[in-house]
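Given next are the chains, with one letter for each unit.
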Amino acid sequence: MRTIALFGGTGGLGSQLQELLKEKYNVISIGSKTVNVVDYNQVNEFFNQNKVDIVINLSGYNFDCFAHKYTESNYSEIQKQIDIN
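Conventions adopted
- Residues numbered from 1 in each chain as written.
- Predicted model: local features only at pLDDT ≥ 70, side-chain atom pairs only at ≥ 80, totals over all residues.
- Heavy atoms only, no water.
- Helix = DSSP H or I, 4+ residues; strand = E, 2+ residues; numbered from the N terminus.
- Rg over C-alpha atoms; globule rule 2.2 N^0.38 Å.
- Buried < 20%, exposed > 50% of the residue type's maximum accessible area, 1.4 Å probe, protein only.
- Contact = heavy atoms within 4.5 Å.
- Lys, Arg positive; Asp, Glu negative; His and termini not counted.
- Charge placed at Lys NZ, Arg CZ, Asp CG, Glu CD.
- Core = buried A, V, L, I, M, F, W, Y, C linked by side-chain atoms within 4.5 Å.
- Polar contact = N/O pair within 3.5 Å; in protein donor to acceptor, adjacent residues only side chain to side chain.
- Salt bridge = Lys/Arg side-chain N within 4 Å of Asp/Glu carboxyl O.

Caption draft 1: Quick look at the overall build of the protein chain. The number of helices and strands found in the protein chain is 3 helices and 3 strands. Listing each helix as α and each strand as β along the protein chain from the N terminus yields β-α-β-α-β-α. Its C-alpha atoms give the protein chain a radius of gyration of 15 Å, more than 25% over the compact-globule value 12 Å for 85 residues. Reported as C-alpha extents along the three principal axes, the dimensions of the protein chain are approximately 50 × 25 × 20 Å. Expressed as a percentage of its 85 residues, the buried residues of the protein chain come to 22%. Within the protein chain, contacts between residues separated by at least 24 positions form 44% of all contacts whose residues are at least 6 apart in sequence. On the protein chain, the mean spot of the 7 positive side-chain charges and the mean spot of the 9 negative ones are 9 Å from each other.

Caption draft 2: The environment of Gly-14, seen in detail. Looking at where Gly-14 falls in the secondary structure, it is placed in helix H1 (residues 12–21). Residues Gly-14 and Asn-50, 36 residues apart in the sequence, show an inter-C-alpha distance of 19 Å.

Caption draft 3: View of the side chain of Gln-18. Structurally, the position occupied by Gln-18 is in helix H1. Setting aside anything within four residues of it in sequence, one finds Gln-18 in contact with Leu-6, Gly-9, Val-27 and Ser-29.

Caption draft 4: Representation of the nonpolar core within the structure. Ala-5, Phe-7, Ile-30, Val-35 and Phe-46 together form the largest nonpolar core, which totals 5 residues. Apart from residues lying up to four places away in sequence, Ala-5 is in contact with Ile-28, Ile-30, Phe-46, Val-52, Ile-54, Val-55 and Ile-56.

Caption draft 5: Expanded view of the environment of Ser-29. Within the secondary structure layout, Ser-29 lies in strand S2 (residues 26–30). For Ser-29, a relative accessible area of 24% translates into the label partly exposed. Sequence spacing of Ser-29 and Gln-42 is 13 residues, and the spatial spacing of their C-alpha atoms is 15 Å.

Caption draft 6: Quick peek at the side chain of Thr-3. With respect to the helices and strands, Thr-3 occurs in strand S1 (residues 3–7). Taking the relative accessible area as the measure of exposure, Thr-3 reaches 9% and is therefore buried. Of note is the side chain of Thr-3, whose polar atom sits 3.2 Å from the side chain of Asn-26.

Caption draft 7: Focus on the pattern of salt bridges. Using the criterion set out here, one finds 2 salt bridges in the structure. Ionic pairing is found between Glu-19 and Lys-22, a salt bridge with its closest N-O pair at 3.1 Å. Its relative accessible area of 41% is what places Glu-19 among the partly exposed residues. One salt bridge in this structure joins Lys-51 and Asp-53, with 3.0 Å as the shortest N-O distance.

Interpretation note: all reported values are geometric properties and have no functional meaning in isolation.
Here it is as C-alpha cells:
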C-alpha cells in the first residue's frame, strides 16, 4: 500500500480528504502540532523518518494581514507568508 503524507490533514478540508484516501492508501495526516512547515529541519526530519510515496500539501503559513494593512514593521511576516505558501 502506498503512503501519502497529507500536510494540513488534521483540519477541515484535510480531514475530509484523509477519510476519502484511507481506504486505498496509508495516510499520514500532519498538522501544525506534528510538523511545523515553516521549519525546514522539522520537515526534513519528517521525510528522513518516513517513507512517503505521495505528498499532498494543504498547509501553509498564515499571517493575518490584508494588503491595506501592509507596513514596514510587518513586511517581513508578509514576505515569509508569500515565500512559504
